[in-house]
Number of protein chains: 2
Amino acid sequence: MESIIENNKTQMRRGVLEYSILLILASGDEYASSIIQKLKEVDIIVAEGTTYPLLIRLKKLGLLTYRWEESPQGPPRKYYMITDYGREQLAGLDAAWDELSRGIESIRNGSKA
Amino acid sequence: MESIIENNKTQMRRGVLEYSILLILASGDEYASSIIQKLKEVDIIVAEGTTYPLLIRLKKLGLLTYRWEESPQGPPRKYYMITDYGREQLAGLDAAWDELSRGIESIRNGSKA
DNA sequence: TTTGAATACCTTGCAACACAAGGTACTAAT
DNA sequence: ATTAGTACCTTGTGTTGCAAGGTATTCAAA
(Lines give C-alpha, C1' and ligand atoms only; values in the text may rest on other atoms or scores of the structure.)
Protein backbone atom coordinates (compact mmCIF):
# COMPACT_ATOMS: atom_id res chain seq x y z
CA MET A 1 0.00 0.00 0.00
CA GLU A 2 1.22 3.45 -0.99
CA SER A 3 1.37 6.60 1.03
CA ILE A 4 -1.81 8.54 0.47
CA ILE A 5 -0.01 11.84 0.59
CA GLU A 6 2.71 10.86 -1.85
CA ASN A 7 0.11 9.49 -4.18
CA ASN A 8 -1.87 12.67 -3.99
CA LYS A 9 1.07 14.97 -4.50
CA THR A 10 1.59 13.06 -7.73
CA GLN A 11 -2.04 13.61 -8.59
CA MET A 12 -1.79 17.31 -8.00
CA ARG A 13 1.35 17.60 -10.09
CA ARG A 14 -0.27 15.83 -12.98
CA GLY A 15 -2.87 18.48 -13.31
CA VAL A 16 -0.41 21.30 -13.75
CA LEU A 17 2.27 19.58 -15.75
CA GLU A 18 1.38 20.92 -19.17
CA TYR A 19 0.87 24.32 -17.66
CA SER A 20 4.28 24.25 -15.97
CA ILE A 21 6.05 23.23 -19.13
CA LEU A 22 4.38 25.95 -21.17
CA LEU A 23 5.31 28.47 -18.50
CA ILE A 24 8.95 27.45 -18.65
CA LEU A 25 9.07 27.56 -22.42
CA ALA A 26 7.37 30.94 -22.45
CA SER A 27 10.51 32.42 -20.98
CA GLY A 28 12.95 30.67 -23.28
CA ASP A 29 13.67 27.59 -25.35
CA GLU A 30 14.73 24.48 -23.46
CA TYR A 31 15.46 20.83 -24.12
CA ALA A 32 13.70 18.02 -22.31
CA SER A 33 16.35 17.17 -19.72
CA SER A 34 16.68 20.82 -18.85
CA ILE A 35 12.92 21.20 -18.41
CA ILE A 36 12.88 18.22 -16.07
CA GLN A 37 15.72 19.79 -14.12
CA LYS A 38 13.97 23.14 -13.81
CA LEU A 39 10.78 21.50 -12.60
CA LYS A 40 12.72 19.56 -10.01
CA GLU A 41 14.18 22.80 -8.71
CA VAL A 42 10.70 24.02 -7.80
CA ASP A 43 9.75 20.63 -6.31
CA ILE A 44 7.61 19.57 -9.23
CA ILE A 45 9.22 16.19 -9.78
CA VAL A 46 8.44 14.52 -13.06
CA ALA A 47 9.77 11.40 -14.77
CA GLU A 48 11.30 11.19 -18.22
CA GLY A 49 8.65 8.72 -19.28
CA THR A 50 6.08 11.41 -18.54
CA THR A 51 7.87 14.33 -20.10
CA TYR A 52 8.86 13.00 -23.50
CA PRO A 53 5.41 11.81 -24.53
CA LEU A 54 3.94 15.05 -23.20
CA LEU A 55 6.28 17.23 -25.26
CA ILE A 56 5.44 15.17 -28.31
CA ARG A 57 1.76 15.59 -27.61
CA LEU A 58 2.07 19.35 -27.20
CA LYS A 59 3.99 19.53 -30.44
CA LYS A 60 1.30 17.59 -32.26
CA LEU A 61 -1.29 19.98 -30.88
CA GLY A 62 0.66 22.89 -32.31
CA LEU A 63 1.57 24.47 -28.98
CA LEU A 64 5.27 23.78 -29.44
CA THR A 65 7.86 23.27 -32.14
CA TYR A 66 11.51 22.34 -31.83
CA ARG A 67 14.91 22.67 -33.41
CA TRP A 68 18.02 20.54 -33.04
CA GLU A 69 21.10 22.09 -31.56
CA GLU A 70 24.62 20.82 -30.96
CA SER A 71 25.59 20.14 -27.38
CA PRO A 72 28.98 21.20 -26.00
CA GLN A 73 29.16 17.65 -24.71
CA GLY A 74 27.15 14.58 -25.66
CA PRO A 75 24.43 14.05 -28.23
CA PRO A 76 22.50 16.90 -29.88
CA ARG A 77 19.64 18.51 -28.00
CA LYS A 78 16.09 19.02 -29.09
CA TYR A 79 15.18 22.56 -28.07
CA TYR A 80 11.47 23.11 -27.71
CA MET A 81 9.93 26.51 -28.45
CA ILE A 82 6.46 27.77 -27.68
CA THR A 83 4.36 28.87 -30.67
CA ASP A 84 2.02 31.84 -30.91
CA TYR A 85 -0.84 29.44 -30.56
CA GLY A 86 0.90 28.02 -27.51
CA ARG A 87 1.05 31.46 -25.94
CA GLU A 88 -2.65 31.95 -26.57
CA GLN A 89 -3.45 28.69 -24.86
CA LEU A 90 -1.09 29.51 -22.04
CA ALA A 91 -3.10 32.63 -21.29
CA GLY A 92 -6.13 30.41 -20.88
CA LEU A 93 -4.24 28.10 -18.56
CA ASP A 94 -3.12 31.05 -16.46
CA ALA A 95 -6.78 31.86 -15.99
CA ALA A 96 -7.62 28.24 -15.23
CA TRP A 97 -4.93 28.07 -12.57
CA ASP A 98 -6.11 31.30 -10.97
CA GLU A 99 -9.65 29.99 -10.91
CA LEU A 100 -8.58 26.76 -9.30
CA SER A 101 -6.48 28.55 -6.69
CA ARG A 102 -9.37 30.79 -5.83
CA GLY A 103 -11.65 27.76 -5.56
CA ILE A 104 -9.35 25.98 -3.13
CA GLU A 105 -8.82 29.11 -1.08
CA SER A 106 -12.58 29.59 -0.82
CA ILE A 107 -13.07 26.12 0.56
CA ARG A 108 -10.11 26.48 2.87
CA ASN A 109 -11.35 29.70 4.35
CA GLY A 110 -14.93 28.56 4.45
CA SER A 111 -13.85 25.51 6.38
CA LYS A 112 -12.35 27.57 9.17
CA ALA A 113 -15.86 28.60 10.28
CA MET B 1 -10.72 17.78 -31.55
CA GLU B 2 -11.23 18.98 -27.99
CA SER B 3 -10.46 22.34 -26.52
CA ILE B 4 -7.02 22.20 -24.97
CA ILE B 5 -7.97 24.58 -22.22
CA GLU B 6 -11.13 22.76 -21.22
CA ASN B 7 -9.26 19.51 -21.21
CA ASN B 8 -6.56 20.97 -19.04
CA LYS B 9 -8.91 22.59 -16.57
CA THR B 10 -10.27 19.11 -16.09
CA GLN B 11 -6.76 17.83 -15.54
CA MET B 12 -6.04 20.46 -12.95
CA ARG B 13 -9.25 19.73 -11.09
CA ARG B 14 -8.46 16.06 -10.94
CA GLY B 15 -5.37 16.68 -8.96
CA VAL B 16 -7.09 18.48 -6.17
CA LEU B 17 -10.33 16.58 -5.98
CA GLU B 18 -9.53 14.41 -2.98
CA TYR B 19 -8.05 17.40 -1.27
CA SER B 20 -11.15 19.51 -1.91
CA ILE B 21 -13.45 16.85 -0.59
CA LEU B 22 -11.43 16.38 2.57
CA LEU B 23 -11.38 20.14 3.07
CA ILE B 24 -15.15 20.31 2.80
CA LEU B 25 -15.68 17.43 5.19
CA ALA B 26 -13.22 18.91 7.66
CA SER B 27 -15.72 21.67 8.32
CA GLY B 28 -18.77 19.45 8.66
CA ASP B 29 -20.43 16.23 7.57
CA GLU B 30 -21.99 16.22 4.12
CA TYR B 31 -23.67 13.80 1.73
CA ALA B 32 -22.45 13.23 -1.79
CA SER B 33 -24.92 15.41 -3.67
CA SER B 34 -24.23 18.25 -1.30
CA ILE B 35 -20.47 17.92 -1.75
CA ILE B 36 -20.89 18.07 -5.51
CA GLN B 37 -23.01 21.17 -5.09
CA LYS B 38 -20.47 22.89 -2.87
CA LEU B 39 -17.67 22.16 -5.30
CA LYS B 40 -19.71 23.56 -8.15
CA GLU B 41 -20.18 26.77 -6.20
CA VAL B 42 -16.44 27.36 -6.24
CA ASP B 43 -16.17 26.39 -9.92
CA ILE B 44 -14.70 22.97 -9.26
CA ILE B 45 -17.13 21.00 -11.37
CA VAL B 46 -17.18 17.28 -10.79
CA ALA B 47 -19.41 14.48 -12.04
CA GLU B 48 -21.35 12.00 -9.93
CA GLY B 49 -19.53 9.15 -11.55
CA THR B 50 -16.32 10.62 -10.21
CA THR B 51 -17.51 11.48 -6.75
CA TYR B 52 -19.17 8.29 -5.62
CA PRO B 53 -16.26 5.98 -6.41
CA LEU B 54 -13.92 8.51 -4.83
CA LEU B 55 -15.85 8.66 -1.58
CA ILE B 56 -15.92 4.90 -1.47
CA ARG B 57 -12.17 4.82 -2.02
CA LEU B 58 -11.52 7.35 0.72
CA LYS B 59 -13.68 5.35 3.05
CA LYS B 60 -11.77 2.17 2.27
CA LEU B 61 -8.53 4.00 2.99
CA GLY B 62 -9.88 4.96 6.39
CA LEU B 63 -9.98 8.71 5.76
CA LEU B 64 -13.77 8.83 5.96
CA THR B 65 -16.68 7.04 7.50
CA TYR B 66 -20.37 7.60 7.07
CA ARG B 67 -23.76 7.37 8.70
CA TRP B 68 -27.23 7.20 7.21
CA GLU B 69 -29.65 9.97 7.94
CA GLU B 70 -33.29 10.56 7.00
CA SER B 71 -33.94 13.25 4.44
CA PRO B 72 -36.82 15.72 4.86
CA GLN B 73 -37.68 14.81 1.30
CA GLY B 74 -36.58 11.86 -0.80
CA PRO B 75 -34.39 8.89 -0.02
CA PRO B 76 -32.05 8.72 2.98
CA ARG B 77 -28.69 10.44 2.78
CA LYS B 78 -25.28 8.98 3.40
CA TYR B 79 -23.43 11.58 5.44
CA TYR B 80 -19.68 11.29 5.17
CA MET B 81 -17.47 12.26 8.12
CA ILE B 82 -13.74 12.76 8.20
CA THR B 83 -11.79 10.51 10.59
CA ASP B 84 -8.84 11.44 12.78
CA TYR B 85 -6.63 9.69 10.30
CA GLY B 86 -8.30 11.71 7.58
CA ARG B 87 -7.42 14.94 9.37
CA GLU B 88 -3.83 13.85 9.67
CA GLN B 89 -3.64 13.17 5.96
CA LEU B 90 -5.40 16.43 5.22
CA ALA B 91 -2.62 18.30 6.97
CA GLY B 92 -0.20 16.66 4.59
CA LEU B 93 -2.30 17.63 1.62
CA ASP B 94 -2.43 21.22 2.83
CA ALA B 95 1.34 21.20 2.73
CA ALA B 96 1.37 19.55 -0.69
CA TRP B 97 -0.95 22.18 -2.07
CA ASP B 98 1.14 25.00 -0.65
CA GLU B 99 4.25 23.48 -2.13
CA LEU B 100 2.64 23.16 -5.52
CA SER B 101 1.34 26.73 -5.44
CA ARG B 102 4.77 27.99 -4.54
CA GLY B 103 6.30 25.97 -7.34
CA ILE B 104 3.95 27.40 -9.94
CA GLU B 105 4.43 30.92 -8.65
CA SER B 106 8.19 30.49 -8.89
CA ILE B 107 8.01 29.49 -12.50
CA ARG B 108 5.53 32.21 -13.27
CA ASN B 109 7.67 34.93 -11.77
CA GLY B 110 10.85 33.50 -13.16
CA SER B 111 9.34 33.53 -16.61
CA LYS B 112 8.70 37.27 -16.50
CA ALA B 113 12.45 37.87 -16.83
C1' DT C 1 -53.51 3.83 -7.26
C1' DT C 2 -50.56 4.76 -10.64
C1' DT C 3 -47.86 8.13 -12.76
C1' DG C 4 -44.35 11.62 -12.68
C1' DA C 5 -40.92 14.59 -10.68
C1' DA C 6 -37.40 15.30 -7.55
C1' DT C 7 -33.77 13.54 -4.90
C1' DA C 8 -30.23 10.38 -3.87
C1' DC C 9 -27.71 6.47 -4.30
C1' DC C 10 -24.42 3.42 -7.31
C1' DT C 11 -22.00 0.70 -11.40
C1' DT C 12 -20.01 -0.24 -15.97
C1' DG C 13 -16.98 0.54 -19.78
C1' DC C 14 -13.96 3.55 -22.03
C1' DA C 15 -10.17 6.56 -22.59
C1' DA C 16 -6.50 9.36 -20.99
C1' DC C 17 -2.13 9.53 -19.09
C1' DA C 18 1.85 9.32 -15.56
C1' DC C 19 5.44 6.41 -14.61
C1' DA C 20 8.83 2.52 -14.13
C1' DA C 21 11.72 0.04 -16.77
C1' DG C 22 14.20 -0.78 -20.63
C1' DG C 23 16.40 0.69 -24.88
C1' DT C 24 19.25 3.51 -28.53
C1' DA C 25 22.75 6.74 -29.78
C1' DC C 26 26.33 10.26 -29.59
C1' DT C 27 30.74 12.22 -27.42
C1' DA C 28 34.92 12.23 -24.86
C1' DA C 29 38.20 10.25 -21.90
C1' DT C 30 40.70 6.31 -20.43
C1' DA D 1 37.55 -0.57 -27.45
C1' DT D 2 35.50 0.17 -23.24
C1' DT D 3 33.34 3.06 -19.95
C1' DA D 4 30.89 7.19 -18.29
C1' DG D 5 27.99 10.86 -19.14
C1' DT D 6 24.31 12.90 -21.55
C1' DA D 7 20.26 12.88 -24.20
C1' DC D 8 16.81 10.94 -26.71
C1' DC D 9 12.53 7.66 -26.93
C1' DT D 10 9.05 3.50 -26.31
C1' DT D 11 6.34 -0.13 -24.07
C1' DG D 12 3.28 -2.00 -20.63
C1' DT D 13 0.76 -1.34 -16.54
C1' DG D 14 -2.26 0.69 -13.35
C1' DT D 15 -5.05 4.37 -11.85
C1' DT D 16 -8.92 6.99 -12.26
C1' DG D 17 -12.26 10.66 -14.14
C1' DC D 18 -16.36 10.63 -16.64
C1' DA D 19 -20.48 9.69 -19.60
C1' DA D 20 -24.17 6.91 -19.59
C1' DG D 21 -27.24 4.05 -17.57
C1' DG D 22 -29.51 2.00 -13.54
C1' DT D 23 -32.02 1.47 -8.76
C1' DA D 24 -34.62 3.20 -4.89
C1' DT D 25 -37.34 6.45 -2.05
C1' DT D 26 -40.71 10.10 -1.26
C1' DC D 27 -44.48 13.05 -2.30
C1' DA D 28 -48.01 15.16 -5.04
C1' DA D 29 -51.12 15.24 -8.66
C1' DA D 30 -54.06 12.88 -11.91
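Scope of this entry: the structure provided in the associated data block. (Residues numbered from 1 in each chain as written. Chains lettered and ligands numbered in written order. Predicted model: local features only at pLDDT ≥ 70, side-chain atom pairs only at ≥ 80, totals over all residues.)

**Notes on the overall build of chain A**
Right, on to step 1. When helices and strands are tallied, chain A shows four helices and three strands.
Right, on to step 2. Overall, chain A shows an N-to-C arrangement of helices and strands of α-β-α-α-β-β-α.
Right, on to step 3. The principal-axis extents of the C-alpha atoms in chain A amount to approximately 60 × 40 × 20 Å.
Right, on to step 4. Looking at chain A as a whole, 28% of its 113 residues are labelled buried.
Right, on to step 5. Of the contacts made within chain A by residues no fewer than 6 positions apart, 45% connect residues no fewer than 24 positions apart. (Helix = DSSP H or I, 4+ residues; strand = E, 2+ residues; numbered from the N terminus. Buried ≥ 20, exposed ≤ 12 C-beta atoms within 10 Å, placed from the backbone. Contact = placed C-beta atoms within 7 Å.)

**Observations regarding the protein's contact with DNA strand C**
Right, on to step 1. The environment of DNA strand C is made up of 30 residues, and the closest members are A47, G49 and T50 of chain A together with Y31 and A32 of chain B.
Right, on to step 2. Secondary structure elements with two or more residues in the surface near DNA strand C: α1 (4-26) and α3 (48-60) of chain A together with α1 (4-26), α2 (32-41), α3 (48-60) and β3 (77-82) of chain B.
Right, on to step 3. Taken together, the residues of the surface near DNA strand C sort by class into 12 nonpolar, 12 polar and six charged. (Near = placed C-beta within 6 Å. Nonpolar A, V, L, I, M, F, W, Y, C, P; charged D, E, K, R; others polar.)

**A word on the protein's contact with DNA strand D**
Right, on to step 1. Around DNA strand D sit 29 residues in total, of which Y31 and A32 of chain A together with A47, G49 and T50 of chain B are the nearest.
Right, on to step 2. Contributions of two or more residues to the surface near DNA strand D are made by α2 (32-41), α3 and β3 (77-82) of chain A together with α1 and α3 of chain B.
Right, on to step 3. A breakdown of the residues in the surface near DNA strand D according to their chemical character gives 12 nonpolar, 11 polar and six charged.

**Structural notes on α3 of chain A**
Right, on to step 1. If you check α3 of chain A, its first and last C-alpha atoms are 18 Å apart, about what 13 residues at 1.5 Å a residue would give, namely 18 Å.
Right, on to step 2. Phi for G62 of chain A, located one or two positions after α3 of chain A, is positive at around 90 degrees. (Expected span 1.5 Å × (residues − 1).)

**A word on the sheet that holds β3 of chain A**
Residues and elements named next belong to chain A.
Right, on to step 1. Judged by pairing direction, the sheet is antiparallel, and its three strands sit side by side in the order β1-β3-β2 without closing on themselves. In this open sheet, the two strands that pair with only one neighbour each are β1 (30-31) and β2 (64-69).
Right, on to step 2. With two bridges connecting them, β1 and β3 associate as antiparallel partners. By the bridge assignment for β3, Y31 is matched with Y79.
Right, on to step 3. Here α3 sits on the sheet in contact with β2 and β3, set at roughly 120 degrees to β2. (Pairing = 2+ DSSP bridges. Axes fitted to C-alpha atoms, helices over the stretch in contact; angles between N-to-C directions.)

**Considerations on the relation of the copies chain B and chain A**
Right, on to step 1. Take chain B, turn it by 180 degrees, move it 0.0 Å along the axis, and it overlays chain A with an RMSD of 0.0 Å. Taken together, the rotation angle and the small translation identify this as a two-fold axis. Minimal C-alpha distance to the rotation axis in chain B is attained by G15 of chain B, lying at 2.7 Å.
Right, on to step 2. Comparing interface residues between copies, 100% of those in chain B also sit at the interface in chain A, which points to an isologous, same-surface contact. (Least-squares fit on C-alpha atoms with pLDDT ≥ 70 in both.)

**Section: the nonpolar core**
Right, on to step 1. One finds L22, L25 and L64 of chain A together with L22, L25 and L64 of chain B to be the most contacted residues of the largest nonpolar core, which totals 40 residues.
Right, on to step 2. Counting only elements with at least two residues in this core, the list comes to α1, α3, β3 and α4 (84-110) of chain A together with α1, α3, β3 and α4 (84-110) of chain B.
Right, on to step 3. Apart from the residues lying within four places of it in its own chain, the contact partners of L25 of chain B are E30, L64, Y80, M81 and I82 of chain B. (Core = buried A, V, L, I, M, F, W, Y, C linked by C-beta atoms within 7 Å.)

**Some details on the pairing of β3 of chain B**
Right, on to step 1. Bridge analysis of strand β2 (residues 64-69) of chain B against β3 of chain B gives six bridges, and the strand direction is antiparallel. The partner of E69 of chain B across the bridge, within β3 of chain B, is R77 of chain B.

**So, the packing of α2 of chain A against α3 of chain A**
Residues and elements named next belong to chain A.
Right, on to step 1. α3 packs onto α2 with a crossing angle of 125 degrees between their chain directions and a minimal axis gap of 10 Å. The angle between α2 and α3 falls in the class oblique. By crossing handedness, the relation of α2 to α3 is classed as right-handed. Only E48, T51, Y52 and L55 of α3 make contact with α2, whose side of the interface consists of A32, I35 and I36.
Right, on to step 2. Per-class residue counts for the contact of α2 with α3 are five nonpolar, one polar and one charged. (Parallel < 35°, antiparallel > 145°, perpendicular 65-115°, else oblique. Left-handed = near helix turned anticlockwise from the far one by under 90°.)

**Notes on unusual backbone geometry**
Right, on to step 1. Here D43 of chain A, not a glycine, exhibits a phi torsion of approximately 65 degrees, which is positive.
Right, on to step 2. As for its placement among the helices and strands, D43 of chain A is situated in the loop between α2 and α3.

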